[in-house]
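Descriptive analysis of the structure
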Amino acid sequence: MSFIKAHIETLATSRRNFLLGSAAGLGATALPGFRPALADAHGPTMAWSYRNRSNPYWNAIASGGEAFVKSLGADPEELVHLINEGSSEKSLADVVALLAKTNGNLALAIDANDGPNGRPVVEAVAEAGGYVCTIWNKTADLHPWDFGDNYVAHASWSSVDPADKSARIVFDAMGGKGRVVGLGGIASNPPAIERQQGMMNALKDYPDIELLDYQPANWDTQKAAEVMGSFLTRFGDIDGVICASDTMAFGALEALRGEGLVGQTKVGGYDGTKQAVELILKGEMSTTVDTNPFWAGGALLSLAWHAAIGAFKPSEEPQEHREFFGPSIIISEADAADFKANYIDSTPEYDWTDFWGPTTPAL
């Protein structure tokens, strides 16, 4: 069974089991050994730290966090949003300030913005007695099990294989030949590194496709538009663009639109955002990869919160429950309509105490 197929089938089974349980009146029942998730006025402050909510991916993360808060019987507005706008310094400063304000009584989920910033964030939370889950960015030598219970878990997604497969969709849409450019994320971000590697792996099987250049656009739409504009000035017509995120694909499309090349130049993105799926259906993009940020937003906050209230001890869990991969789905023109119907037009429902249902070990 392929890596992606295994993720999809596991996710589908987890969601189906929850829905069947809900139909039987069991949807709010915690797993054996876990305390039911009930709102508690004296419980920990809940917070998500991320880039910004105008980014569709991070908006989905935040929405998942709010769904978890609502599942506790609490007002979703109780979730504290720490907006770092892509600044590692602000990310850390906001966390330190909130720890001081809450006296360490904090359940935090966070994207630390880049790998090196993960350690000072985790150390600050652990020293204050809070509980933290990280997503995407940390260095390879930073592990939750080195911090007892306070560093609860780290979630990432194996980007190499999905990026390889999605790049092939773009290359095939180009007819297997032509000239392509790439737009990457922040150079130090593990997902940016992996997604570039996936594209490079795919290129090995397409000898008639020439990679003209690959430049970082820092996950930013405007930066991507500027870099894509410079590519068009330097190289003229370009047959394909591989983007490490949907937000950068939108910037590439902005530049292509100014030259009347939308639809002619094939564009691939990553993140499975609503806008990207709609653009695939319109024929303006070829592919994107969904990493289910809604699930991630709720699941990671749930892990941090349940650890903070003592519902389980992370230090007693196996390592595969503390570092894991989340689910990925590759979306192309052939399945964009089905994906939209199942994941965008309907609101997913999850049992937020089924912490590891759709995950696979990252070890």
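What counts and what doesn't
- Residues numbered from 1 in each chain as written.
- Predicted model: local features only at pLDDT ≥ 70, side-chain atom pairs only at ≥ 80, totals over all residues.
- Heavy atoms only, no water.
- Helix = DSSP H or I, 4+ residues; strand = E, 2+ residues; numbered from the N terminus.
- Buried < 20%, exposed > 50% of the residue type's maximum accessible area, 1.4 Å probe, protein only.
- Contact = heavy atoms within 4.5 Å.
- Areas by Shrake-Rupley, 256 points an atom, 1.4 Å probe, with all protein chains shown as cover.
- Polar contact = N/O pair within 3.5 Å; in protein donor to acceptor, adjacent residues only side chain to side chain.
- pLDDT = per-residue confidence, 0-100.
- Phe/Tyr/Trp six-rings, centres within 6.5 Å; stacked < 30°, edge-to-face > 60°.
- Lys NZ or Arg CZ within 6 Å of the ring centre and 35° of its normal.

Secondary structure assignment for the chain yields eleven helices and 13 strands. Going through the 363 residues of the chain one by one, you find that 56% of them count as buried. Within the chain, counting contacts between residues at least 6 apart in sequence, those at least 24 apart form 76% of the total. Carbon together with sulfur atoms contributes 50% to the accessible area of the chain, which is approximately 14,600 Å² in total.

What follows concerns the side chain of Asp149. With respect to the helices, strands and loops of the structure, Asp149 is situated in the loop between strand E4 (131–135) and strand E5 (151–156). Side-chain polar atoms of Asp149 contact the side chain of Lys313, separated by 2.9 Å. Asp149 has contacts with Tyr131, Lys313, Pro314, Ser315 and Arg322, leaving out every residue within four places of it along the chain.

With that out of the way, let us pick up the confidence of the model for the chain. Per-residue confidence for the chain averages 89 on the pLDDT scale, and 88% of its residues sit at or above 70. Low pLDDT, under 50, characterises residues 1–40; the predicted model gives this stretch 64 contacts beyond four residues in sequence or across chains.

Before going further, it helps to spend a moment on the packing of aromatic side chains. For the coordinates displayed, the defined rule picks out 15 aromatic pairs. On the numbers, 6.2 Å between centres and 85° between planes, the contact of Phe312 with Trp356 is edge-to-face. Of this pair, Phe312 sits in the loop between helix H10 (293–308) and strand E11 (323–325) while Trp356 sits in the loop between helix H11 (336–344) and strand E13 (360–361); the two residues are 44 residues apart in sequence, bridging distant segments of the chain. Taken as a pair, Phe312 and Trp356 share a single burial class, namely buried. On the basis of an interplanar angle of 75° and a centroid distance of 5.3 Å, the ring pair of Phe355 and Trp356 is categorised as edge-to-face. Grouping residues by exposure puts Phe355 and Trp356 together as buried. Clustering of aromatic rings is evident, with ring pairs tying together Tyr50, Tyr57 and Trp58. The side chain of Arg195 reaches across the aromatic face of Tyr270, ending 3.7 Å from its centre.

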